[in-house]
Amino acid sequence: MLNHDPIAFPKLDEAQLTTLGTFATLKAFQEGETLFAAGEPDCSFFVVKCGGVAIVDQSSGHDEIITVLEPGEFTGDVDILTGRPAVVSGVARTPCEVYEIAAADLRRILNDMPRLSDVLLRAFLMRRQLLEESGFAVVRVVGSRYDRDTHRIREFLARNKVPFTWIDLENDPQVDTLLTQFKITVDETPVVLCSTDKLMRNPSNVQLAECLGIRKPLAQAVYDLVVVGAGPAGLAAAVYGASEGLKTLMLDKIGPGGQAGTSSKIENYLGFPTGLSGSDLANRALIQAEKFGAALSVAAEVVGLSSANGYHVLRLVSGEEVSAQCILISSGASYRKLPVDGCERFEGSGVYYAATAVERQLCSGAQVVIVGGGNSAGQAAVYLSERASKVLVTIRHDDLGRDMSQYLVQRIEHTPNIAVRCRTEITRMHGNKTLDMVELTCRHTGQSDTVACLAVFVFIGAVPHTTWLSEAIQVDRNGFVKTGMHVAKSQGWPLRRQPFLLETSRPGIFAAGDVRLGSVKRVAAAVGEGAMAVQFIHAYLASH
Ligand SMILES: Cc1cc2nc3c(=O)[nH]c(=O)nc-3n(C[C@H](O)[C@H](O)[C@H](O)COP(=O)(O)OP(=O)(O)OC[C@H]3O[C@@H](n4cnc5c(N)ncnc54)[C@H](O)[C@@H]3O)c2cc1C
């Protein structure tokens, strides 16, 4: 049974019940009758008038009561807004009367009644959190921690808030029993058990999304705005776009959150002095966007961009097409990885792409290695040297001043516990669960030595996700999208007016966040640009 937390399970007062009653149909259920069943999409919202409604987990084949809702309490969690299939069932515990409200009407209520909306949204978010913390799972993943597809599947489920358990081939005692039960071999993993009778061998994200019912066919409509990438920039654009009346659709190849979704704690986001996790930020932003009517399609990788009949057309990996008056490119970037065996295995447990207070704390008294010779590497070296016993900066060439500002070069030279190794690269990483040693090789002589190292910080640039763009969208030599003055200065801008600040070389297509040339690569900056882009979109639509 879940703890009957007052935020997760508030009781609505008489006035709130009367308001809701005007949108509702009153229904009666006999004991044991089902109000909604797990797996059912677009469930209605129910408020208990009298009697009791049990919320039941049926995923293991038998009924397990999670909680019992009493008069004044209501059903639903975050899935009720997205129309995704319910993960639990609602069953009349006693003869009962309930108010039933359709999901579309619930969205209208959330928009029109801010006080009631606060109570309901906080409850929906808290319920999913409590459910996840209780170990509840609708899906089991069996695979090795060293396997890329297992990692992809886990990331997909986590980003989409699908409660799951992971059975690690390497050390989970249940593994053999499960493999025998489902007649699968280790070579056939990863496998995903979606219910007691549905097993998928190494499913793609699209197959997984379809099996779980979290991917809906795209509506055959022309959108005012289609956002490619639901990271902070895309989510912000969807919130502002939808709240200002634009028919808005977000497409993401995985799910909401972007890079920020992988951050365990964002400490520099305005207004959250104690920090917040990237997944919490994404979850809240998604609910906000959906509350205003924006739609999100997940496992929706965009692979092409063209024009037809005066609209921009996006082609998805599934073959589907979406048309829009305006497009926002917010497909972000990934940090470039080191081409070294074992690098990915130690990500998060020895290999880092940021040097914030969190990582610095981990390095207290230890030796660390920094890879890269730009300003971000220099800043990290100085910052980490305050705690680490020694910082080794490795660069592939032999001049630290080539890519780094002079002030940082001087600071590094004057800091006794920072050493610079020129013409050097990491060729091997060693460690059991966490990193403890790296092999450094001189590119000039080929000689190697192994040094103790608790953490490697990689600052060798970011790779933008822009391979799907057509040639009509200008990018710089590294693939970052040019906007505003970068476009105005170049050949090929087709209109008399100047491009808007975030407009690309094709009028009506905008870019925001890490994918944009000159962006700041911060959550707050991405959110700000996503919001700003919507103002330019309004101006574009007004003049078009
Ligand atoms: C581990 C980590 C920790 C960080 N910590 C901080 C921090 O503490 N503070 C801070 O300010 N910044 C931090 N950052 C940086 C911050 O997360 C990014 O600057 C921010 O997420 C950029 O947002 P974005 O929306 O531009 O792009 P992204 O977050 O990269 O999102 C892009 C989205 O586009 C999707 N996508 C890509 N290609 C396609 C396609 N073809 N079709 C459909 N969808 C596509 C991706 O799946 C992704 O969801 C951190 C980054 C990382 C990796």
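The structure we're discussing is the one just above.
We now turn to the structure provided with this report. (Residues numbered from 1 in each chain as written. Predicted model: local features only at pLDDT ≥ 70, side-chain atom pairs only at ≥ 80, totals over all residues. Heavy atoms only, no water.)

## Some details on the site of the ligand
In the vicinity of the ligand there are 32 residues, among which Arg159, Asp252, Gln259, Asn268 and Asp514 approach most closely. At a separation of 2.8 Å, an oxygen atom of the ligand approaches a polar side-chain atom of glutamine 259. The backbone of alanine 260 places a nitrogen or oxygen atom 3.3 Å from an oxygen atom of the ligand. Compared with its free state, where it exposes 1,000 Å², the ligand has 90% of that area covered by protein. Those elements that place two or more of their residues in the shell around the ligand are α8 (232–243) and α14 (523–543). Classifying every residue of the shell around the ligand by side-chain character gives 12 nonpolar, 13 polar and 7 charged. (Near = heavy atom within 4 Å. Polar contact = N/O pair within 3.5 Å; in protein donor to acceptor, adjacent residues only side chain to side chain. Areas by Shrake-Rupley, 256 points an atom, 1.4 Å probe, with all protein chains shown as cover. Helix = DSSP H or I, 4+ residues; strand = E, 2+ residues; numbered from the N terminus. Nonpolar A, V, L, I, M, F, W, Y, C, P; charged D, E, K, R; others polar.)

## Quick look at the environment of alanine 158
Mapped onto the elements of the fold, alanine 158 is located in helix α5 (residues 148–159). Sequence-wise, alanine 158 and proline 41 are 117 residues apart; in three dimensions their C-alpha atoms are separated by 20 Å.

## Things to note about helix α4 (residues 114–133)
A rise of 1.5 Å per residue sets the reference length of α4, with its 20 residues, at 28 Å; its end C-alpha atoms lie 28 Å apart and thus fit the reference within 8%. A positive backbone phi angle near 90° is found at glycine 135, which sits one or two residues after α4. (Expected span 1.5 Å × (residues − 1).)

## A look at empty space enclosed by the protein
Under the criterion given, the structure shown has 1 cavity of 30 Å³ or more. Lining the largest cavity are 22 residues, with Phe36, Thr75, Gly76, Asp77 and Val88 sitting closest to its centre. In terms of residue count, the dominant contributor to the lining of the largest cavity is strand β5 (residues 64–69) (3 residues). Split into classes, the residues belonging to the lining of the largest cavity amount to 12 nonpolar, 5 polar and 5 charged. (1 Å grid on protein atoms, 1.4 Å probe; cavity = no way out; pocket = protein on both sides within 12 Å on 5 of 7 lines; lining within 4 Å. Points joined across faces, edges and corners; volume = space filled by probe spheres on them.)

## Observations concerning the packing of aromatic side chains
Tallied over the full model, the rule gives 11 aromatic pairs. Note on phenylalanine 74 and phenylalanine 124: the rings are 6.2 Å apart at their centroids and 85° apart in plane angle, and the pair reads as edge-to-face. Here phenylalanine 74 is found in the loop between β5 and α2 (79–82), whereas its partner phenylalanine 124 is found in helix α4, with 50 residues between them in sequence. There is no split in this pair, since phenylalanine 74 and phenylalanine 124 are both buried. Taking 6.3 Å as the distance between ring centres and 80° as the angle between the ring planes, the aromatic pair formed by phenylalanine 510 and tyrosine 540 counts as edge-to-face. One end of the pair, phenylalanine 510, is in strand β28 (residues 509–511); the other, tyrosine 540, is in helix α14, and 30 residues separate them in sequence. Accessibility assignment for this pair places phenylalanine 510 and tyrosine 540 in one class, buried. (Phe/Tyr/Trp six-rings, centres within 6.5 Å; stacked < 30°, edge-to-face > 60°. Buried < 20%, exposed > 50% of the residue type's maximum accessible area, 1.4 Å probe, protein only.)

The values are spatial; any link to function lies outside them.
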